[in-house]
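A look at the structure
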Amino acid sequence: MYGELVREMRQKAPPASKEPTAARRLLDPVMFVTWMFQVQEKLLELIQKELKDKLERVLICDRRSQAEASYKTFLEIFQLLNETIVVGRDIGPPISSRVRIMVVGTFLEFLNRYQEEGAPSFIQLHASAGTFPQLHVLENCCILRKTWEALVQEGPVQGIINSIEVWSQDDLLSRVRALFQSLLEHHFSTRNDDLVQALQSLQQALKGCSNMHSTPTYKVLVKSLYMVVLGEYVYALVTYLKTLEPGVWADHEGQVKKEVLELDTIFGEREDVGDRMPCWETIKDIFQLRQNRGRESLHEWLASFRDKFPGYVSFQGSLCLVACLLPQMEVELSPSQGCGGCVALTS
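Here we summarise the structure given alongside this text. (Residues numbered from 1 in each chain as written. Predicted model: local features only at pLDDT ≥ 70, side-chain atom pairs only at ≥ 80, totals over all residues. Heavy atoms only, no water.)

Considerations on the overall build of the protein
The helix and strand tally for the protein stands at 15 helices and zero strands. Burial analysis of the protein (347 residues in total) assigns 43% to the buried set. Intrachain contacts of the protein at a sequence separation of at least 6 include 71% that bridge at least 24 residues. Element-wise, carbon and sulfur atoms account for 53% of the exposed surface of the protein, whose accessible area totals about 18400 Å². (Helix = DSSP H or I, 4+ residues; strand = E, 2+ residues; numbered from the N terminus. Buried < 20%, exposed > 50% of the residue type's maximum accessible area, 1.4 Å probe, protein only. Contact = heavy atoms within 4.5 Å. Areas by Shrake-Rupley, 256 points an atom, 1.4 Å probe, with all protein chains shown as cover.)

Here is the structure:
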């Protein structure tokens, strides 16, 4: 394809003068340089158009594919970019350096488009019940980062990829929090399997992100997910125990132990982060509380848990418990500070 363009441009080259004059000899080099510049521009335009078309097909395939497998299309990006650079190198200087600059610029355009359109549309399209499409976007980000590092190893791309990752992680954590808040609302009273099934779905989704497993992003993500799920679990547990007589709290110890240990198994890789983590040995203390103090001891236990493990139970949620469990304390909450748990706690 590129050879055909070169032959075409050569045919259009200005003919050599049969009777050269001094002025003609002076003009010929200028005409030749102008013609060569036009050839390079056309060739560069053709190469860039083909690269953009291929990257567009990558986005289309990614958007239409299932979250479990579509990352494979992003693995092809480096090959596309590198093949284009090789084409320029084969043509020779000075076009080779211009092709490389064009490739980097086109990749930047692709990243900006993925940030603005590709990632949000994929999440929206695949956000059905029991799916976590944000993990797919995060895995794509890992592939894009490796592609860029193999390509040039410098430039503004890291900031763009980081922005996509932060947005996707926030969206994932928000979705997971809302999901488990809903599942835990009646979990301890009904003892159904919905919570276990949701945990298994999340576990399978994490296992499917093989391109992320060795990255710092994955370790931090697993820890954040564990904090969200366990924090909501602890808060829901305290909320439910409040509705029972202290003498029957121990009836739920077996169920809670089994589920907390299941969380440890699912989010086991969080331990690689190195921070102190709550475990069953910590949570089981709630069943050893002084039963004669009832609701007050629940509040004290939750406050202690929050102090030992910051970030698991929100301060806002703790305020709700203070207001509901210890009404004698002067704690004021505006309607916007309240939470769903307050309804159950005050009923």
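Focus on the packing of aromatic side chains
Enumeration over the complete set of coordinates arrives at 13 aromatic pairs. Ring plane angle 55 degrees and centroid distance 5.9 Å describe the contact between F74 and F110, whose orientation is recorded as tilted. Note that F74 is positioned in helix 3 (residues 71–74) and F110 in helix 5 (residues 95–125), a separation of 36 residues in sequence. Each member of the pair, F74 as well as F110, is classed as buried. With centroids separated by 5.3 Å and ring planes inclined at 50 degrees, the aromatic side chains of F305 and F309 adopt a geometry described as tilted. We note that F305, like F309, is buried. Three or more aromatic residues link up through ring pairs in this structure, and these residues are Y226, F267, W301, F305, F309 and Y312. (Phe/Tyr/Trp six-rings, centres within 6.5 Å; stacked < 30°, edge-to-face > 60°.)

What to know about the side chain of E259
Relative to the helices and strands, E259 resides in helix 11 (residues 253–266). Within the buried set, E259 has no salt-bridge partner at all; the shortest N-O distance to an opposite charge, 7.3 Å, is to K258. If we skip the residues at most four places from it in the chain, E259 touches H187, F188, L195 and Y233. (Lys, Arg positive; Asp, Glu negative; His and termini not counted. Salt bridge = Lys/Arg side-chain N within 4 Å of Asp/Glu carboxyl O.)

A few points about the packing of helix 4 (residues 77–91) against helix 6 (residues 133–151)
Packed helices, taken two at a time, are described by the angle their axes make and the gap between the axes. For the pair helix 4 and helix 6, the least separation of the axes is 9 Å and the interaxial angle reads 20 degrees. Here helix 4 is positioned roughly parallel relative to helix 6, judged by the angle of their axes. Along this stretch, helix 4 crosses helix 6, giving a crossing that reads as right-handed. Listed contacts from helix 6 to I77, F78, L81 and I85 of helix 4 are L144, T147, A150 and L151. In terms of residue class, the contact of helix 4 with helix 6 is built from seven nonpolar, one polar and no charged. (Axes fitted to C-alpha atoms, helices over the stretch in contact; angles between N-to-C directions. Parallel < 35°, antiparallel > 145°, perpendicular 65-115°, else oblique. Left-handed = near helix turned anticlockwise from the far one by under 90°. Nonpolar A, V, L, I, M, F, W, Y, C, P; charged D, E, K, R; others polar.)

Side note on the environment of T215
In this structure, T215 sits in the loop between helix 9 (194–207) and helix 10 (216–242). A relative accessible area of 12% places T215 in the buried class. Note: C-alpha distance between T215 and C142 (73 residues apart in sequence) is 7.9 Å. Of the polar contacts made by the side chain of T215, one reaches the backbone oxygen of M212; its length is 2.6 Å. (Polar contact = N/O pair within 3.5 Å; in protein donor to acceptor, adjacent residues only side chain to side chain.)

So, the nonpolar core
Across soluble globular proteins, you tend to see nonpolar side chains buried next to one another. With 54 residues, the main nonpolar core has F180, V256, F267, I283 and I286 as its most contacted residues. In terms of residues, this core owes the most to one element, helix 10, which gives 17 residues. Not counting the four nearest positions on each side in its chain, F267 is found in contact with L199, L202, L206, V222, L225, Y226 and V229. Grouped together as the second largest cluster of nonpolar side chains are 34 residues, L81, V99, F107 and I123 included. (Core = buried A, V, L, I, M, F, W, Y, C linked by side-chain atoms within 4.5 Å.)

A word on the pattern of salt bridges
All chains considered together, the criterion is met by nine salt bridges. Across the pair R145 and E165 runs a salt bridge, and its minimum N-O distance is 3.0 Å. One end of the pair, R145, is in helix 6; the other, E165, is in helix 7 (residues 157–184), with 20 residues separating them in the sequence. Comparing R145 with E165 shows no difference in burial state: the two are buried.

Focus on the state of the cysteines
Evaluation of the coordinates by the stated rule reveals zero disulfides. You can see C209 has no disulfide; the closest cysteine sulfur is in C142, sitting 8.7 Å from it. By relative accessible area, C209 is classed as buried at 3%. (Disulfide = S-S within 2.5 Å.)

Let's talk about the environment of D171
Looking at the element boundaries, D171 is found in helix 7. In this structure D171 comes out as partly exposed when scored by relative accessible area, which is 28%. Once you skip the residues sitting within four places of it in the chain, D171 turns out to touch I123 and Q134.

A few points about helix 11
End to end, helix 11 covers 20 Å across 14 residues, agreeing with the expected 20 Å (1.5 Å per residue, within 8%). For helix 11, every residue scored as buried is listed here: Q255, V256, E259, V260, L263, D264 and I266. (Expected span 1.5 Å × (residues − 1).)

Observations concerning the environment of H136
Mapped onto the elements, H136 comes out in helix 6. Residues H136 and C209, spaced 73 residues apart in sequence, show a C-alpha to C-alpha distance of 7.2 Å.

Describing unusual backbone geometry
With a phi close to 55 degrees, R191 is a non-glycine residue in the positive phi region. Positionally, R191 belongs in the loop between helix 8 (187–190) and helix 9. When its relative accessible area of 45% is taken as the criterion, R191 is described as partly exposed.

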